[in-house]
Amino acid sequence: MNLFADIRTAVISALETMQAAGTLPNDLDFANVAVEPPRDAAHGDMATNAAMVLAKPTKMKPRDIADALVLQLTANPRIESADVAGPGFLNMRLSSALWQDVVGAALEQGEAFGRSDMGQGKKVNVEYVSANPTGPLHVGHTRGAVFGDALASLLDYAGYNVTREYYINDGGAQVDVLARSVYLRYLEAHGQEVAFEDGTYPGDYLVPVGVELKEKVGDAYVGKPESDWLLDVREFSTEKMMDLVRADLASLGIKMDVFYSEKSLYGTGRIEAAINALKDKGLIYEGVLEPPKGKKPEDWEPREQTLFKSTEHGDDVDRPVMKSDGAWTYFAPDIAYHYDKVMRGFDELIDVFGADHGGYVKRMKAAVSALSDGKVPLDIKLTQLVKLYKNGEPFKMSKRAGTFVTLRDVVDQVGPGATRFHMLTRKNDASLDFDFDKVLEQSKDNPVFYVQYANARVNSVLRKAKAAGIDLSATPDLTQISHAAEITLAKKIAEWPRLVSIAARTNEPHRIAFYLYDLASEFHALWNRGNDLPELRFIQDGEDATSVSKIALARATQVVICAGLGILGVEPVEEMR
RNA sequence: GCACCCAUAGCUCAGCUGGAUAGAGCGCUGCCCUCCGAAGGCAGAGGUCGAUGGUUCGAAUCCAUCUGGGUGCACCA
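Attention here is on the structure that accompanies the text. Being a predicted model, the structure only gives us computed values, none of them experimental.

Reading the values: rules and limits
- Residues numbered from 1 in each chain as written.
- Chains lettered and ligands numbered in written order.
- Predicted model: local features only at pLDDT ≥ 70, side-chain atom pairs only at ≥ 80, totals over all residues.
- Heavy atoms only, no water.
- Salt bridge = Lys/Arg side-chain N within 4 Å of Asp/Glu carboxyl O.
- Helix = DSSP H or I, 4+ residues; strand = E, 2+ residues; numbered from the N terminus.
- Buried < 20%, exposed > 50% of the residue type's maximum accessible area, 1.4 Å probe, protein only.
- Near = heavy atom within 4 Å.
- Polar contact = N/O pair within 3.5 Å; in protein donor to acceptor, adjacent residues only side chain to side chain.
- Axes fitted to C-alpha atoms, helices over the stretch in contact; angles between N-to-C directions.
- Parallel < 35°, antiparallel > 145°, perpendicular 65-115°, else oblique.
- Contact = heavy atoms within 4.5 Å.
- Nonpolar A, V, L, I, M, F, W, Y, C, P; charged D, E, K, R; others polar.
- Pairing = 2+ DSSP bridges.

Tallied over the entire structure, the rule returns 27 salt bridges. Here Arg115 makes a salt bridge to Asp156, at a shortest N to O gap of 3.5 Å. Pair noted here: Arg115 is in the loop between α4 (96–109) and β5 (123–127) and Asp156 is in helix α5 (residues 139–157), with a separation of 41 residues, a long-range link. What makes Arg115 partly exposed here is its relative accessible area of 34%.

Moving on: the protein's contact with RNA strand B. Taken together, 62 residues sit near RNA strand B, with Arg39, Phe89, Arg303, Lys323 and Gln442 positioned nearest. When the atoms of RNA strand B within 4 Å of the protein are grouped by moiety, sugar and phosphate amount to 62% of the total. Residue Arg498 places a side-chain N or O atom 2.7 Å away from a base oxygen belonging to RNA strand B. In this structure, a phosphate oxygen belonging to RNA strand B sits 3.0 Å away from a side-chain N or O atom of His510.

Glancing now at the packing of helix α6 (residues 173–189) against helix α8 (residues 226–251). Running from N to C, α6 and α8 cross one another at 100 degrees; their axes reach a closest spacing of 8 Å. With respect to α8, the element α6 is oriented roughly perpendicular. When α6 is examined against α8, the residues Val175, Asp176, Leu178, Ala179, Arg180, Val182 and Tyr183 are found in contact with a partner set consisting of Glu226, Trp229, Leu230, Val233, Arg234, Ser237, Thr238 and Met241. Here the contact of α6 with α8 is built from residues that sort into nine nonpolar, two polar and four charged.

Our focus in this paragraph is the pairing of strand β11 (residues 348–354). Counting buried residues in β11 gives five out of seven residues, a clear majority hidden from the surface. The pairing of β5 with β11 spans four bridges and is classified as parallel. Note on β11: the bridge partner recorded for Glu127 is Asp351. Here β11 pairs with strand β12 (residues 378–383) via six bridges, running parallel. Across the sheet, Leu349 pairs through a bridge with Leu378, a residue of β12.

Dropping the structure here:
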């Protein structure tokens, strides 16, 4: 139930009535007509810009349209009053029964209140994390993981058919490095002294993998040339690393639907098929790229390679898909992978990358645009850096020394819920400060706490009510939710379905987090007004029927908080401790 | 050199396909517990929305140029 959408429909039908009456011309596009909450509540409950956006195409004065529209709208019983303000704004006041109905709808529909069919069941693929399978996930991955997962949930809630996917980069040179590193740990497990040179991964997390390899193959690979063991060790190590990654993701409550292996693209003709698809469109050619400007020219040698004419689809330069020695570049399997997504019939694709992959966006979009003939949109969301703080002091991580902060470090210290919520309190394209102390702080400075606290207060009310012998299964009389302070909260609840649509349309789950904070704020405000005005308390001593009605508002708030937290992947807490 | 992202209150940040007097938290000032959890709430002070042009009924939002910060840029994945 989206009250804003309902009223918009009413406005549109009023406009159509005006067309039928000849007040307005017939060929009008109402797409830009919006119904939204006014910035200032004093202006009313909802405002529409209809008169202003239609002024130009009709060559009429906005006020004239507005005046005529007012007549139509006031005929609608749900609209208590409508008046024109400013340049042609139309402010509407809705009967309080509508807001009471919202509370009823939230209670009745529960988690589904706010769900919509906006996605129309369209198949959307959200690819996120996709970290190289060479070690545990670190903080940077954590943000991408949380963001991608919340976005996937959000789209699901908005009526899309969502697939969560992880692309395993197990086809490139970095997995050879992994294999060699594991081999060293394997030798170590056999009691040998080993040295980790540049170009190997020195992290401790490979020690158990070396031991496991020893358990599996004994001393079969000791003293053997690389050609004897590389393939096998690579396979073995990648699997172990993916076990690690899966466990890391699970600690945040993330479960992928599909793990897609880059390796599976090689030697199966899939890369060739994708490149051929581009070739058929005349987008593949042999050529030599210009030297990149601003780089040392002495390092540059012109070479002829196989290029993808990505400039035809919005890129700045054409991109190589095959090296001069005939091997594929990394871009080639990525093209094939996205081709596969298109072939699997997804209507929309979303990739979540770290900000360091920003230079990759245009070519990937170009590839998808070319492969799908522009039919499948690809949205690429970049998550910016996470800066870590402890006691207000930034601390650095050094990959070289192997002292990077892992996803596990974060989750173990602050828990999955706080980690997830906090990572979503910033829009994805702004960098994020993550302060271990602040995230755990129990004050309104900490949005996670503040929202959870509101939920806990609702539970507290429910407990008290139960203790007082109030039968909460009784049908609430919603007309008792009538005080202005109560209606204010109900209005906030009414915004939820609309907020979901906006967040889903823009692929911005952080809006959910900010909304929840606002909602909690309204709830806390009402709660405290009960200090001065006893009639605003949820529990009215000796008047069970009234209590049931007031508590309905608290429960509706809780329904929305829990639905929102559900999208963010945060477990609501029953009680603060 | 080029591309992308960012710039809003002293600080950290929201701002809904362009809308009315630009919002919140922290910090600062002052208030509110015989009362469902004060881990809260209320009120006040605080802004040339980086700059300059443009588009229009209307711009923090769109376009152009510029300034400052971040990221990335050739057979590395």
